[in-house]
Amino acid sequence: MSNHPNLRADLALRDGYHSPQVDVSVRLNTNESPYAPPAGFTEALARSIGDLGLNRYPDRQAVLLRSAIASLDGVQPDQVVCANGSNEVLQAILLAFAGPSATVVVAEPTYALHSHIASLLGCAIVHLQRRADFTIEVDAMIKEVNASNAALAFVCSPNNPTGTLEPLESIQRLATETNAMIVVDEAYGQFAPRSVLDLDPAILERVIVVRTFSKTWALAGVRLGYAISAPSVISGISQGLLPYHLSSLTQAAGLAALETAAAMEIRIEAIVEGREEVAAGLGDLPVEQWPSAANFILFRPIERSADEIWQQLVDKGVLVRNCAGWPGLENCLRVTIGTPEENAKFLDELGAALT
Ligand SMILES: *Cc1c(COP(=O)(O)O)cnc(C)c1O
(Lines give C-alpha, C1' and ligand atoms only; values in the text may rest on other atoms or scores of the structure.)
Protein backbone atom coordinates (compact mmCIF):
# COMPACT_ATOMS: atom_id res chain seq x y z
CA MET A 1 0.00 0.00 0.00
CA SER A 2 1.42 3.39 -0.91
CA ASN A 3 1.42 6.28 1.54
CA HIS A 4 -0.89 9.27 1.22
CA PRO A 5 1.07 12.26 -0.16
CA ASN A 6 -0.05 14.48 2.72
CA LEU A 7 1.14 12.05 5.43
CA ARG A 8 3.84 13.37 7.77
CA ALA A 9 7.14 12.57 6.08
CA ASP A 10 8.61 11.03 9.23
CA LEU A 11 5.70 8.58 9.45
CA ALA A 12 5.76 7.54 5.81
CA LEU A 13 9.08 5.79 6.34
CA ARG A 14 8.12 3.27 8.92
CA ASP A 15 5.87 0.33 9.63
CA GLY A 16 3.19 0.39 12.25
CA TYR A 17 3.28 -1.98 15.19
CA HIS A 18 1.58 -5.29 14.60
CA SER A 19 1.83 -8.98 15.19
CA PRO A 20 0.44 -11.10 12.33
CA GLN A 21 -3.00 -12.44 13.29
CA VAL A 22 -2.83 -15.86 11.63
CA ASP A 23 -5.85 -18.10 12.09
CA VAL A 24 -4.52 -21.13 14.00
CA SER A 25 -5.80 -23.16 16.94
CA VAL A 26 -2.91 -22.53 19.37
CA ARG A 27 -2.18 -18.80 19.60
CA LEU A 28 0.91 -18.15 21.69
CA ASN A 29 2.10 -14.92 20.08
CA THR A 30 0.73 -11.88 21.94
CA ASN A 31 1.10 -12.73 25.65
CA GLU A 32 -2.65 -12.73 26.28
CA SER A 33 -4.26 -14.92 28.92
CA PRO A 34 -5.17 -18.31 27.47
CA TYR A 35 -8.30 -18.32 29.62
CA ALA A 36 -11.49 -16.32 29.18
CA PRO A 37 -12.28 -14.07 32.16
CA PRO A 38 -13.77 -16.07 35.10
CA ALA A 39 -17.54 -16.77 35.02
CA GLY A 40 -18.13 -14.26 37.82
CA PHE A 41 -16.76 -11.47 35.64
CA THR A 42 -19.39 -11.71 32.92
CA GLU A 43 -22.20 -11.90 35.49
CA ALA A 44 -20.93 -8.90 37.47
CA LEU A 45 -20.55 -6.88 34.26
CA ALA A 46 -24.02 -7.87 33.02
CA ARG A 47 -25.53 -6.85 36.37
CA SER A 48 -23.93 -3.42 36.28
CA ILE A 49 -24.76 -2.52 32.68
CA GLY A 50 -28.40 -1.66 33.37
CA ASP A 51 -27.37 1.01 35.89
CA LEU A 52 -24.70 2.74 33.83
CA GLY A 53 -26.85 5.58 32.51
CA LEU A 54 -25.16 5.58 29.12
CA ASN A 55 -26.99 8.74 28.05
CA ARG A 56 -24.58 10.58 30.38
CA TYR A 57 -20.84 11.12 30.03
CA PRO A 58 -18.77 8.74 32.16
CA ASP A 59 -17.35 9.62 35.59
CA ARG A 60 -14.39 11.68 34.48
CA GLN A 61 -12.43 10.80 37.60
CA ALA A 62 -13.31 7.07 37.45
CA VAL A 63 -13.61 7.28 41.23
CA LEU A 64 -14.87 3.77 41.94
CA LEU A 65 -12.44 2.06 39.61
CA ARG A 66 -9.43 4.00 40.85
CA SER A 67 -10.35 3.26 44.47
CA ALA A 68 -10.69 -0.45 43.74
CA ILE A 69 -7.31 -0.56 41.94
CA ALA A 70 -5.72 1.43 44.76
CA SER A 71 -6.86 -1.02 47.40
CA LEU A 72 -5.67 -3.96 45.27
CA ASP A 73 -2.18 -2.48 44.89
CA GLY A 74 -1.95 -0.98 48.39
CA VAL A 75 -1.88 2.72 47.43
CA GLN A 76 -4.28 5.68 47.66
CA PRO A 77 -6.87 6.47 44.93
CA ASP A 78 -5.12 9.75 44.08
CA GLN A 79 -2.06 7.67 43.18
CA VAL A 80 -3.88 5.92 40.32
CA VAL A 81 -4.86 7.05 36.81
CA CYS A 82 -6.60 4.78 34.28
CA ALA A 83 -6.77 4.85 30.49
CA ASN A 84 -7.68 2.75 27.45
CA GLY A 85 -4.92 0.15 27.71
CA SER A 86 -1.52 0.86 29.16
CA ASN A 87 -0.50 2.08 25.71
CA GLU A 88 -2.74 5.09 26.22
CA VAL A 89 -1.29 5.52 29.71
CA LEU A 90 2.18 5.56 28.17
CA GLN A 91 1.08 8.14 25.60
CA ALA A 92 -0.38 10.38 28.33
CA ILE A 93 2.84 10.09 30.35
CA LEU A 94 4.91 11.06 27.31
CA LEU A 95 2.60 13.98 26.49
CA ALA A 96 2.72 15.26 30.06
CA PHE A 97 6.37 14.63 30.99
CA ALA A 98 8.24 14.64 27.64
CA GLY A 99 6.58 16.06 24.50
CA PRO A 100 8.12 17.37 21.26
CA SER A 101 11.90 17.70 21.29
CA ALA A 102 12.32 16.14 24.74
CA THR A 103 14.74 13.22 24.98
CA VAL A 104 13.59 9.75 25.99
CA VAL A 105 15.93 6.83 26.79
CA VAL A 106 15.12 3.17 26.16
CA ALA A 107 17.19 -0.02 26.62
CA GLU A 108 16.91 -2.34 23.61
CA PRO A 109 15.71 -4.89 22.89
CA THR A 110 12.49 -3.90 24.63
CA TYR A 111 8.79 -3.19 24.05
CA ALA A 112 8.64 -1.40 20.69
CA LEU A 113 5.72 0.83 21.67
CA HIS A 114 7.81 2.88 24.13
CA SER A 115 9.97 4.38 21.40
CA HIS A 116 7.20 4.17 18.80
CA ILE A 117 4.80 6.39 20.77
CA ALA A 118 7.64 8.69 21.80
CA SER A 119 8.67 9.25 18.19
CA LEU A 120 5.05 9.80 17.09
CA LEU A 121 5.02 12.61 19.63
CA GLY A 122 8.22 14.10 18.24
CA CYS A 123 10.58 13.07 21.06
CA ALA A 124 14.25 12.40 20.42
CA ILE A 125 15.07 8.82 21.37
CA VAL A 126 18.32 7.38 22.69
CA HIS A 127 18.47 3.60 22.19
CA LEU A 128 20.90 1.92 24.59
CA GLN A 129 21.78 -1.76 24.20
CA ARG A 130 21.25 -4.26 26.99
CA ARG A 131 23.92 -6.76 28.05
CA ALA A 132 24.04 -10.22 26.44
CA ASP A 133 21.89 -11.55 29.33
CA PHE A 134 19.43 -8.71 28.55
CA THR A 135 19.80 -6.90 31.88
CA ILE A 136 20.24 -3.13 31.69
CA GLU A 137 23.69 -1.59 32.06
CA VAL A 138 22.54 0.82 34.73
CA ASP A 139 25.74 2.87 34.94
CA ALA A 140 25.58 3.49 31.19
CA MET A 141 21.89 4.36 31.37
CA ILE A 142 22.38 6.84 34.22
CA LYS A 143 25.25 8.41 32.32
CA GLU A 144 23.23 8.69 29.11
CA VAL A 145 20.13 10.08 30.84
CA ASN A 146 22.24 12.76 32.49
CA ALA A 147 24.34 13.52 29.40
CA SER A 148 21.26 13.95 27.19
CA ASN A 149 19.29 15.73 29.92
CA ALA A 150 16.53 13.21 29.20
CA ALA A 151 13.00 13.96 30.38
CA LEU A 152 12.11 10.32 30.74
CA ALA A 153 13.60 6.83 30.73
CA PHE A 154 11.78 3.53 30.24
CA VAL A 155 12.48 0.37 32.20
CA CYS A 156 10.30 -2.57 31.17
CA SER A 157 10.41 -5.16 33.97
CA PRO A 158 9.80 -8.00 33.35
CA ASN A 159 11.03 -6.93 29.94
CA ASN A 160 9.07 -7.75 26.82
CA PRO A 161 10.26 -9.65 24.75
CA THR A 162 13.12 -11.06 26.84
CA GLY A 163 11.37 -11.81 30.16
CA THR A 164 14.21 -10.19 32.13
CA LEU A 165 13.39 -8.94 35.63
CA GLU A 166 15.39 -5.83 36.49
CA PRO A 167 16.92 -5.60 40.01
CA LEU A 168 15.00 -3.05 42.13
CA GLU A 169 18.31 -1.43 42.92
CA SER A 170 18.65 -0.40 39.26
CA ILE A 171 15.37 1.47 39.40
CA GLN A 172 16.26 3.02 42.73
CA ARG A 173 19.53 4.26 41.26
CA LEU A 174 17.95 5.63 38.08
CA ALA A 175 15.43 7.55 40.19
CA THR A 176 18.00 8.99 42.56
CA GLU A 177 21.02 9.54 40.29
CA THR A 178 19.19 11.28 37.41
CA ASN A 179 16.60 14.05 37.09
CA ALA A 180 14.39 12.14 34.65
CA MET A 181 11.01 10.54 35.27
CA ILE A 182 11.51 6.76 35.29
CA VAL A 183 8.64 4.81 33.74
CA VAL A 184 8.61 1.19 34.89
CA ASP A 185 6.36 -0.84 32.61
CA GLU A 186 5.05 -3.70 34.76
CA ALA A 187 2.61 -5.13 32.21
CA TYR A 188 3.81 -8.54 33.45
CA GLY A 189 4.45 -7.47 37.04
CA GLN A 190 1.99 -9.91 38.62
CA PHE A 191 3.92 -12.89 37.17
CA ALA A 192 7.14 -11.68 38.80
CA PRO A 193 8.40 -12.23 42.36
CA ARG A 194 8.93 -8.51 43.05
CA SER A 195 7.65 -5.10 41.99
CA VAL A 196 8.77 -1.49 42.20
CA LEU A 197 5.82 -1.06 44.55
CA ASP A 198 7.89 -3.00 47.13
CA LEU A 199 10.32 -0.05 47.34
CA ASP A 200 9.97 2.93 49.68
CA PRO A 201 6.89 4.81 48.36
CA ALA A 202 8.91 8.06 48.34
CA ILE A 203 10.46 6.80 45.11
CA LEU A 204 7.11 7.42 43.37
CA GLU A 205 7.90 11.14 43.20
CA ARG A 206 10.13 10.15 40.26
CA VAL A 207 8.93 6.69 39.27
CA ILE A 208 5.72 5.84 37.39
CA VAL A 209 4.59 2.21 37.48
CA VAL A 210 2.42 1.17 34.53
CA ARG A 211 0.17 -1.88 34.62
CA THR A 212 -2.54 -3.38 32.43
CA PHE A 213 -5.66 -5.53 32.50
CA SER A 214 -4.61 -7.05 29.17
CA LYS A 215 -2.41 -9.86 30.47
CA THR A 216 -3.04 -11.09 34.02
CA TRP A 217 -6.65 -9.96 34.05
CA ALA A 218 -7.50 -11.71 30.78
CA LEU A 219 -9.09 -8.53 29.39
CA ALA A 220 -6.98 -7.54 26.38
CA GLY A 221 -10.26 -6.90 24.52
CA VAL A 222 -11.48 -4.34 27.08
CA ARG A 223 -8.50 -1.95 26.74
CA LEU A 224 -7.78 -0.90 30.31
CA GLY A 225 -4.47 0.05 31.84
CA TYR A 226 -3.29 2.28 34.67
CA ALA A 227 -0.38 4.10 36.23
CA ILE A 228 0.62 4.30 39.90
CA SER A 229 2.76 7.16 41.14
CA ALA A 230 2.78 10.10 43.56
CA PRO A 231 -0.41 12.24 43.53
CA SER A 232 1.34 15.20 41.87
CA VAL A 233 2.65 12.94 39.11
CA ILE A 234 -0.79 11.38 38.60
CA SER A 235 -2.46 14.75 38.19
CA GLY A 236 0.26 15.65 35.69
CA ILE A 237 -0.42 12.49 33.65
CA SER A 238 -4.16 13.31 33.65
CA GLN A 239 -3.32 16.45 31.67
CA GLY A 240 -2.16 14.23 28.82
CA LEU A 241 -5.59 12.56 28.58
CA LEU A 242 -8.70 13.70 26.71
CA PRO A 243 -11.82 14.62 28.69
CA TYR A 244 -14.09 11.61 29.33
CA HIS A 245 -11.51 9.33 27.75
CA LEU A 246 -12.56 6.25 29.73
CA SER A 247 -16.04 4.97 28.88
CA SER A 248 -18.54 3.91 31.54
CA LEU A 249 -18.43 0.41 29.98
CA THR A 250 -14.67 0.18 30.44
CA GLN A 251 -14.89 1.41 34.03
CA ALA A 252 -17.61 -1.16 34.76
CA ALA A 253 -15.54 -3.92 33.16
CA GLY A 254 -12.56 -3.04 35.35
CA LEU A 255 -14.69 -3.07 38.50
CA ALA A 256 -16.24 -6.41 37.55
CA ALA A 257 -12.77 -7.87 36.96
CA LEU A 258 -11.52 -6.71 40.35
CA GLU A 259 -14.35 -8.67 41.98
CA THR A 260 -12.66 -11.80 40.64
CA ALA A 261 -9.24 -11.04 42.15
CA ALA A 262 -9.11 -14.37 44.00
CA ALA A 263 -9.75 -16.37 40.82
CA MET A 264 -7.12 -14.31 39.05
CA GLU A 265 -4.48 -15.13 41.68
CA ILE A 266 -5.06 -18.85 41.07
CA ARG A 267 -4.65 -18.39 37.32
CA ILE A 268 -1.44 -16.45 37.75
CA GLU A 269 -0.03 -19.33 39.81
CA ALA A 270 -1.08 -21.78 37.10
CA ILE A 271 0.61 -19.74 34.39
CA VAL A 272 3.80 -19.39 36.43
CA GLU A 273 3.77 -23.19 36.85
CA GLY A 274 3.22 -23.55 33.11
CA ARG A 275 6.18 -21.26 32.49
CA GLU A 276 8.44 -23.50 34.58
CA GLU A 277 7.19 -26.55 32.65
CA VAL A 278 7.81 -24.92 29.28
CA ALA A 279 11.27 -23.77 30.44
CA ALA A 280 12.06 -27.35 31.48
CA GLY A 281 10.78 -28.66 28.14
CA LEU A 282 12.87 -26.14 26.20
CA GLY A 283 15.85 -27.25 28.31
CA ASP A 284 15.64 -30.68 26.66
CA LEU A 285 15.69 -29.23 23.12
CA PRO A 286 18.50 -27.71 21.03
CA VAL A 287 17.58 -24.12 21.86
CA GLU A 288 19.08 -21.34 23.94
CA GLN A 289 16.59 -19.67 26.32
CA TRP A 290 16.57 -16.77 28.76
CA PRO A 291 15.12 -16.80 32.30
CA SER A 292 11.66 -15.20 32.32
CA ALA A 293 9.61 -13.57 35.09
CA ALA A 294 6.67 -13.03 32.71
CA ASN A 295 4.08 -15.19 30.91
CA PHE A 296 6.34 -15.86 27.91
CA ILE A 297 9.80 -17.18 27.15
CA LEU A 298 12.32 -15.98 24.57
CA PHE A 299 14.36 -18.73 22.94
CA ARG A 300 16.73 -19.25 20.03
CA PRO A 301 16.99 -22.43 17.97
CA ILE A 302 20.62 -23.56 17.75
CA GLU A 303 21.91 -24.02 14.23
CA ARG A 304 18.42 -23.82 12.76
CA SER A 305 16.61 -20.91 11.15
CA ALA A 306 14.00 -19.32 13.41
CA ASP A 307 12.00 -18.22 10.33
CA GLU A 308 11.76 -21.84 9.18
CA ILE A 309 10.87 -23.14 12.64
CA TRP A 310 8.22 -20.41 12.97
CA GLN A 311 6.62 -21.45 9.66
CA GLN A 312 6.77 -25.16 10.54
CA LEU A 313 4.96 -24.38 13.81
CA VAL A 314 2.29 -22.35 11.97
CA ASP A 315 1.79 -25.27 9.57
CA LYS A 316 1.06 -27.42 12.63
CA GLY A 317 -1.40 -24.88 14.04
CA VAL A 318 0.91 -23.22 16.60
CA LEU A 319 1.58 -19.48 16.37
CA VAL A 320 4.52 -17.97 18.29
CA ARG A 321 6.09 -14.52 17.89
CA ASN A 322 8.88 -14.33 15.37
CA CYS A 323 11.44 -11.88 16.77
CA ALA A 324 14.19 -12.99 14.40
CA GLY A 325 14.23 -9.71 12.50
CA TRP A 326 14.37 -7.46 15.59
CA PRO A 327 17.72 -5.82 16.36
CA GLY A 328 19.53 -7.69 19.12
CA LEU A 329 17.21 -10.72 18.85
CA GLU A 330 18.71 -12.44 15.83
CA ASN A 331 17.10 -15.84 15.22
CA CYS A 332 14.88 -15.59 18.33
CA LEU A 333 11.29 -16.69 18.88
CA ARG A 334 9.00 -15.86 21.79
CA VAL A 335 6.33 -18.19 23.10
CA THR A 336 3.46 -17.11 25.34
CA ILE A 337 2.54 -19.54 28.13
CA GLY A 338 -0.84 -21.08 27.34
CA THR A 339 -3.00 -23.77 28.89
CA PRO A 340 -1.22 -27.03 29.85
CA GLU A 341 -2.57 -28.60 26.63
CA GLU A 342 -1.33 -25.71 24.48
CA ASN A 343 2.09 -25.79 26.15
CA ALA A 344 2.38 -29.53 25.53
CA LYS A 345 1.34 -29.13 21.88
CA PHE A 346 3.89 -26.34 21.43
CA LEU A 347 6.72 -28.40 22.94
CA ASP A 348 5.77 -31.47 20.85
CA GLU A 349 5.63 -29.54 17.59
CA LEU A 350 8.80 -27.60 18.36
CA GLY A 351 10.60 -30.84 19.18
CA ALA A 352 9.42 -32.34 15.89
CA ALA A 353 10.41 -29.22 13.91
CA LEU A 354 13.90 -29.23 15.44
CA THR A 355 14.70 -32.86 14.63
C1 LIG B 1 1.20 -6.11 26.43
C2 LIG B 1 2.01 -4.98 26.94
C3 LIG B 1 1.40 -3.81 27.34
C4 LIG B 1 -0.09 -3.76 27.31
O5 LIG B 1 -0.62 -2.82 26.54
P6 LIG B 1 -2.19 -2.57 26.65
O7 LIG B 1 -2.32 -1.34 25.88
O8 LIG B 1 -2.50 -2.40 28.11
O9 LIG B 1 -2.87 -3.78 26.09
C10 LIG B 1 2.15 -2.79 27.85
N11 LIG B 1 3.48 -2.92 27.99
C12 LIG B 1 4.10 -4.05 27.63
C13 LIG B 1 5.56 -4.18 27.85
C14 LIG B 1 3.40 -5.11 27.08
O15 LIG B 1 4.03 -6.21 26.69
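Here, every reference points to the structure presented above.
Residues numbered from 1 in each chain as written. Predicted model: local features only at pLDDT ≥ 70, side-chain atom pairs only at ≥ 80, totals over all residues. Heavy atoms only, no water.

Caption draft 1: Molecular detail of the packing of aromatic side chains. Throughout the structure, instances matching the rule amount to six aromatic pairs. Where Tyr188 meets Phe296, the ring centres are 5.0 Å apart and the plane angle is 80°; that geometry is what we call edge-to-face. With Tyr188 in the loop between β6 (181-185) and β7 (207-212) and Phe296 in strand β10 (residues 296-301), the pair connects residues that are 108 residues apart, well separated along the chain. For the pair Tyr188 and Phe296, a shared accessibility class is recorded, and that class is buried. One aromatic cluster is present, built from ring pairs that chain together Phe213, Trp217 and Tyr226. Across the ring face of Tyr244, the terminal group of Arg60 is positioned such that the distance to the ring centre comes to 5.5 Å. (Phe/Tyr/Trp six-rings, centres within 6.5 Å; stacked < 30°, edge-to-face > 60°. Helix = DSSP H or I, 4+ residues; strand = E, 2+ residues; numbered from the N terminus. Buried < 20%, exposed > 50% of the residue type's maximum accessible area, 1.4 Å probe, protein only. Lys NZ or Arg CZ within 6 Å of the ring centre and 35° of its normal.)

Caption draft 2: View of the sheet that holds strand β5 (residues 152-156). Pairing is mixed across the open sheet formed by seven strands, whose spatial order is β2-β8-β7-β6-β5-β3-β4. A strand with exactly one partner marks an edge of an open sheet, and here the two such strands are β2 (80-83) and β4 (124-129). This sheet shows a mean twist of 25° between the axes of neighbouring strands, independent of strand direction. Pairing of β6 with β7, which is carried by four bridges, proceeds in the parallel orientation. Of the residues in β7, the one forming a bridge with Val183 is Ile208. Sheet contacts for helix α3 (residues 63-73): β2, β7 and β8 (225-228); angle to β2, the most-contacted strand, approximately 120°. Contacts from helix α7 (residues 168-177) reach β5, β6 and β7 within the one sheet, and its direction differs from that of β6 by about 160°. (Pairing = 2+ DSSP bridges. Axes fitted to C-alpha atoms, helices over the stretch in contact; angles between N-to-C directions. Contact = heavy atoms within 4.5 Å.)

Caption draft 3: Structural view of the environment of Gln311. Its place among the elements puts Gln311 in helix α11 (residues 306-315). On the accessibility criterion, Gln311 (36% relative accessible area) is partly exposed. Placed 11 residues apart in sequence, Gln311 and Asn322 show a C-alpha to C-alpha distance of 9.4 Å.

Caption draft 4: Looking closely at the site of the ligand. The environment of the ligand is formed by 13 residues, the closest being Ser86, Tyr188, Thr212, Ser214 and Lys215. Taking Asn160, its side chain carries an N or O atom lying 2.8 Å from an oxygen atom of the ligand. Residue Thr212 places a side-chain N or O atom 2.6 Å away from an oxygen atom belonging to the ligand. Burial of the ligand by the protein amounts to 94% of the accessible area it has alone, namely 390 Å². It is helix α4 (residues 85-97) that provides the largest number of residues to the shell around the ligand, a total of three residues. Residue classes in the shell around the ligand are distributed as four nonpolar, six polar and three charged. (Near = heavy atom within 4 Å. Polar contact = N/O pair within 3.5 Å; in protein donor to acceptor, adjacent residues only side chain to side chain. Areas by Shrake-Rupley, 256 points an atom, 1.4 Å probe, with all protein chains shown as cover. Nonpolar A, V, L, I, M, F, W, Y, C, P; charged D, E, K, R; others polar.)

So, to be careful, I would describe these as geometric facts and stop short of saying anything about function.
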